[in-house]
Every structure is written in structure tokens, then in C-alpha cells.
Amino acid sequence: MSTIYNGTVTYTFQFEDRDRNKRSCALSFLLPDTTTLANIVAYGDVVAAELVPLSNANYLGLSLAINTRESVVPAGLAVEASDVERKGLFSFFNIGGGVSSFQIPSIDNTLVTDETQRIATGQDAVDDFIAVVLNGPPGLGNGAGTATGLNFEAFKEAFKIHKGSSKG
Amino acid sequence: MIITYQLLFQDRDKHVRRTQISYDTPTSATIAALVGFLNGYRDAVQPLSNALCISGRLAVPPKRELGGTAGVGSNVYRSLVLFSLSNTGRAGHIQIPSPLPELVDSTGDFAGFRVLEAIPTIEAALSFYSAPTYPLVDDVGLPIGDKLEVGAIRFET
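Nothing here was measured: the structure is a model prediction, and the numbers come from that model.

Student: Teacher, can you tell me more about the packing of aromatic side chains here?
Tutor: To describe a pair of aromatic rings, you give the distance between the ring centres and the angle between the ring planes. Residues and elements named next belong to chain A. Taken as a whole, this structure holds twelve aromatic pairs over all chains when the rule is applied. Taking 6.3 Å as the distance between ring centres and 25° as the angle between the ring planes, the aromatic pair formed by Tyr11 and Phe13 counts as stacked. Residue Tyr11 is classed as buried on the basis of its relative accessible area of 0%. Here a set of aromatic residues connected by ring pairs shows up, and it is made of Tyr11, Phe13, Phe15, Phe29, Tyr43 and Tyr59.

Quick look at the structure:
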């Protein structure tokens, strides 16, 4: 199974009125998968230029989403032991001196050291994930970073946590 | 450009949770390449989890314009709604927050509620309904027809 592009890109334009209330307007367009990221963003600006003059609220900016779908519909349910509230928390040091974390839903309990909450390195699946965070997926050429562009320097630690919610 | 790569996981009880990561991605990357990177991240994450990865998403965080205060009389709870019919008969709409007062019919039985279609700014905006290169579609990818059926003002409480 893999993720494939479903053919649409959704632009969300956000507006703010005098009372500081915010609302957005979403538009989806059919873009070929050969469209570059630069052109996707540029096209959003073109649409904004037509849209913004219709409103007397302040235009705050746009975000966009590239919509995907599964190549194959899952044949069955996840295994009995799965629980998305049981998470693997992976922490990394970033270049700015802070720490950033990722939560993997339904962390496989076999990866957790017995009688502890700790997820140890030296396990293939754990090491492969740490590598893709620090080095990036094949072909990208750089590792992950924060939303403000600080690259991750090194792996810090990983352990199991439980994070429930009122929705179950 | 910072891109957020998101994956959605579902467990046996059909509850879902998301995991996401951000990478600085070249703007020369095509959509096909971006989906390839998403799958590369997915291949690294799935072995860690016994839930099913059921979907993925790529998002560009908001690009903020300059600040400032909106004009007097602006109200995002009043929206201009443009309705259209897709080529398959599925109705779609676009909702624009706080439309300019001059776009709205101020006379007759529908004063304050009906949109004046002849206004040039609306006509220019409607031009992207029928853009030949990148057609406007609904949220499941069905092309929206090139004909505006009706425009109206909607109020939210």
C-alpha cells in the first residue's frame, strides 16, 4: 500500500474582520502531478489576487494542502493490540538548542523495553525512523526541521506514553 | 520551503490519530516527488506502529501577509456564497467572508441578500471557474461547471 496523489490541491484563504474574527475560504483545483511546489504557491497568489478584492476583511494569507488517497483500500482492521492512544514519543535536539518531538500512534509494544517505557535504539525499525528524521526520505536531500526551519541535530530519546482523549 | 508531511493511523477500534513531520523541501519539487517523499516517510513510520496508515496529506503552513486592521463594517460572519453545478450534477459553492457592500443588490425584494452578478470584480473572479489549464474542482476532484447559478449572502450566528 502507498499514498498517491488524488489530483487536487486545496487552497485556504484566511480573512480577519474589524472585530478580529477569522474565517476562511477554500478552493480546490485540479493540478497535474508535474506541477512544481513553486508553481503551486504562485498559482495560489494569482487566485488570491482575484478573490481578495471581493472582501473588505483583511486578507491574512493562504495555506495549501496537496490531497492524497490510498492506492489500495485496507482489506481489514488493524490488529487487536493496536491502540492509537498508546504513542511512541521520539525527541530530537534541534540546532536552535531546543527539543522537538514526534508521536507515533499505536507504537508497537514489542519495540518497548520490557518493564520500562523506554524505546531503545539498536532495533531496525527504530533506527530506520531516526535516520529518516535526521537525513530525510530517499531523494529529498535533507533532514527534518521545525516549522520555523531549524534543522534537527541529533536523536535525544524515545519512550512510550499514553495520551487519551474524550473521544476515546 | 517548509512542507508538513502528515499520516493518519487507525486502530482496531477505528479511532484515528495523526503523526506529522516537517521538511525543508525544494520549490522545484513536483507534486509527484512530494508524494514520493511522503511515502518514504511512511515507509519509515509504519514498521513502528501496529495501527493501519489510512491516509496521508501534504500541507504548506500559512504564509502571512502584512497585518493591520480591517475596514469599518467588515464582518466575516456575513459571507458571499457563489453556487455552481458540477458537470455531474453535484452542487458546489464558494464562500467568501465579508463581501464588499457594493457587490450586493441594495434594492428590490432581495435587497441585502442577492449578489449583483454584473459587477466587474465578480466577473473577474468568476473567470477562474472556467480556467482551461487548471480547472476549479470540488473537494473530491469533480470539475465545477463554468456557470454560476446563483449568488447570495449568508449570515452566521
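Student: I'm lost on the interface of chain A and chain B in this one. Help?
Tutor: By convention, interface size is frequently given as the accessible area that disappears when the constituent parts associate. Between chain A and chain B, the residue contacts involve 96 residues of the former and 90 residues of the latter. For the pair chain A and chain B, the summed buried surface comes to about 7800 Å²; carbon and sulfur atoms form 62% of the total. If you sort the residues of chain A by the area they bury against chain B, Leu37, Leu54 and Asn56 of chain A come out on top, with a joint share of 10%. Where chain A packs against chain B, one counts three salt bridges. Of the charged contacts, one joins Glu70 of chain A and Arg42 of chain B as a salt bridge, the two residues approaching to 2.7 Å between their closest N and O atoms. On inspection of chain A and its partner chain B, the count reaches 30 residue pairs in polar contact (both at pLDDT 80 or more). Listed by contribution, the elements that provide at least two residues to the side of chain A that touches chain B are β1 (3–16), β2 (22–30), α1 (37–51), β3 (58–70), β4 (86–94), β5 (99–105), α2 (124–135) and β6 (144–145) of chain A.

Student: Got a minute to help me understand the nonpolar core in this structure?
Tutor: The nonpolar side chains of soluble globular proteins are, as a tendency, buried together. One finds Tyr11, Phe13, Phe90 and Phe129 of chain A to be the most contacted residues of the largest nonpolar core, which totals 71 residues. Here this core gets eight residues from one element, more than from any other, and that element is helix α1 (residues 31–45) of chain B.

Student: I would appreciate a short explanation of the sheet that holds β5 of chain A in the present structure.
Tutor: Through backbone hydrogen bonds, the strands of a sheet pair up, either in parallel or in antiparallel fashion. All names here are of chain A. Strands sit in the order β5-β4-β7 across an open sheet of three strands; the sheet is antiparallel. Each edge of the sheet is formed by a strand with only one pairing partner; in this case those strands are β5 and β7 (152–162). Across this sheet, the average inter-strand angle for adjacent strands is 20°, counted without regard to direction. Relative to β7, β4 is paired through nine bridges, and the arrangement is antiparallel.

Student: Quick question: what am I supposed to make of α1 of chain A here?
Tutor: An α-helical segment advances 3.6 residues per turn. Residues three or four places apart therefore align on the same side. Residues and elements named next belong to chain A. Under the 1.5 Å per step criterion, the end-to-end length of α1 is 21 Å for 15 residues, consistent within 8% with the ideal 21 Å. Those residues of α1 not exposed but buried are Leu37, Ile40, Val41, Tyr43, Gly44, Val47, Ala48 and Leu51. In an axial view of α1, the angular spread of the buried residues amounts to 160°, which keeps them on one side of the axis.

Student: Can you walk me through the confidence of the model for chain B in this structure?
Tutor: In low-pLDDT regions, the fine details of the predicted coordinates are not to be read closely. On average, residues of chain B carry a pLDDT of 77, and 68% of them reach 70 or more. Looking at the elements of chain B, mean pLDDT is at its lowest for helix α2 (residues 120–126) of chain B, recorded as 62, and at its highest for α1 of chain B, recorded as 91.

Student: Got a minute to help me understand the pairing of β1 of chain A in this structure?
Tutor: All names here are of chain A. Here β1 lies mainly inside the structure; ten of its 14 residues are buried. Pairing of β1 with β3 involves eleven bridges; the strand directions are antiparallel. Of the residues in β3, the one forming a bridge with Gln14 is Gly61. Relative to β2, β1 runs antiparallel, the two sharing nine bridges. Within β2, the residue paired with Thr12 across the bridge is Ala26.

Cut-offs applied
- Residues numbered from 1 in each chain as written.
- Chains lettered and ligands numbered in written order.
- Predicted model: local features only at pLDDT ≥ 70, side-chain atom pairs only at ≥ 80, totals over all residues.
- Heavy atoms only, no water.
- Phe/Tyr/Trp six-rings, centres within 6.5 Å; stacked < 30°, edge-to-face > 60°.
- Buried < 20%, exposed > 50% of the residue type's maximum accessible area, 1.4 Å probe, protein only.
- Contact = heavy atoms within 4.5 Å.
- Buried area = accessible area lost by both parts, 1.4 Å probe.
- Salt bridge = Lys/Arg side-chain N within 4 Å of Asp/Glu carboxyl O.
- Polar contact = N/O pair within 3.5 Å; in protein donor to acceptor, adjacent residues only side chain to side chain.
- Helix = DSSP H or I, 4+ residues; strand = E, 2+ residues; numbered from the N terminus.
- Core = buried A, V, L, I, M, F, W, Y, C linked by side-chain atoms within 4.5 Å.
- Pairing = 2+ DSSP bridges.
- Axes fitted to C-alpha atoms, helices over the stretch in contact; angles between N-to-C directions.
- Expected span 1.5 Å × (residues − 1).
- Arc of directions from axis to C-beta.
- pLDDT = per-residue confidence, 0-100.

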